[in-house]
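Overview (structure and organization)
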Amino acid sequence: MDLVKKNPNISIEIKSEYANQYAAYGDLTMIDGIRGGNEYRTGDWQGYWAQDLQVELTFKNPRSISQLALGCLEDTKSWIFLPNAVVFEGSTDGVNFEIIGINKLVHTATEVKPAKIFDFDIKLEQAKSFRKIRVTALNYGKCPEWHLGAGNDTWLFVDEIVLK
């Protein structure tokens, strides 16, 4: 679903800084409806080096939401790791946020494996209207001991925030 075309009353503010070489389509990448594949160099992924990701979506009119997701890529040979957790927050008044849900990941990789896509998602027990949504993805940290780049910073790659 292309949120920008379907609802032009949405704006996005990325509070983190994506790398110029992995900017995808710029600020609208996470709400353009384009999902990335297993290859991070296709231009559909946005890359963040050694930092957490924080994004806020603002709706001109409150939007009813029952499910949220953030699409992420893991390609450990390229130092791209899934986040440790993704925190979803919502605001009904546009100022104060409450945690809607947290999707944590237990990392079990002990070797380089093929690239994979993972959607960090949460479902609300019942739909709720929000004026703003905040998504925070916590960077993996340093490459683990088994990795060729052990002790060095990692990448976080994202492609889409999905709202239903």
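For the structure itself, consult the block above.
Note that this is a predicted model, so its numbers are computed, not measured. (Residues numbered from 1 in each chain as written. Predicted model: local features only at pLDDT ≥ 70, side-chain atom pairs only at ≥ 80, totals over all residues. Heavy atoms only, no water.)

Brief notes about the overall build of the chain
The criterion, for reference: Secondary structure elements are taken from DSSP: a helix is a run of H or I of four residues or more, a strand is a run of E of two residues or more, and numbering for both begins at the N terminus. Throughout, the radius of gyration refers to the C-alpha atoms, and the reference size of a globule is 2.2 Å times the residue count to the power 0.38.
Across its full length, the chain holds one helix and seven strands. If you list the helices and strands of the chain from N to C, you get α-β-β-β-β-β-β-β. For a compact globule of 164 residues, the expected C-alpha radius of gyration is about 15 Å, and the chain comes in at 16 Å, within 12% of that figure. A principal-axis box enclosing the C-alpha atoms of the chain has dimensions of 50 × 30 × 20 Å.

A word on the layout of surface pockets
The gaps of empty space that remain are located by a probe, the size of a water molecule, rolled over the atoms. Worth spelling out the cut-off: Cavity: a set of points on a 1 Å grid over the protein atoms alone where a 1.4 Å probe fits but cannot get out. Pocket: an open set with protein on both sides within 12 Å along at least five of seven lines, its lining residues, like those of a cavity, having an atom within 4 Å of a point. Grid points are joined across faces, edges and corners, and a volume is the space filled by probe spheres set on the points. Charged means Asp, Glu, Lys or Arg here, nonpolar means Ala, Val, Leu, Ile, Met, Phe, Trp, Tyr, Cys or Pro, and polar covers whatever is left, Gly included.
Taken as a whole, the largest pocket encloses approximately 200 Å³ of empty space. E74, H107, T108, A109 and K116 are the residues nearest the centre of the largest pocket, which is lined by 15 residues in total. Considered class by class, the residues forming the lining of the largest pocket number eight nonpolar, three polar and four charged.

Quick look at unusual backbone geometry
The general pattern is negative phi for most residues beyond glycine and trans for most peptide bonds. Definition in use: Here the term buried applies to any residue with accessible area under 20% of the maximum for its type, exposed to any over 50%, and partly exposed to those in between, with areas from a 1.4 Å probe on protein chains only.
Of note in this structure, A50 is not a glycine but carries a positive phi near 55 degrees. By the element assignment, A50 lies in the loop between strand 2 (46-49) and strand 3 (53-74). Look at A50 and you get partly exposed, because its relative accessible area is 37%. With a phi close to 70 degrees, W79 is a non-glycine residue in the positive phi region. Here W79 shows up in the loop between strand 3 and strand 4 (85-91). Note on W79: relative accessible area 25%, which makes it partly exposed.

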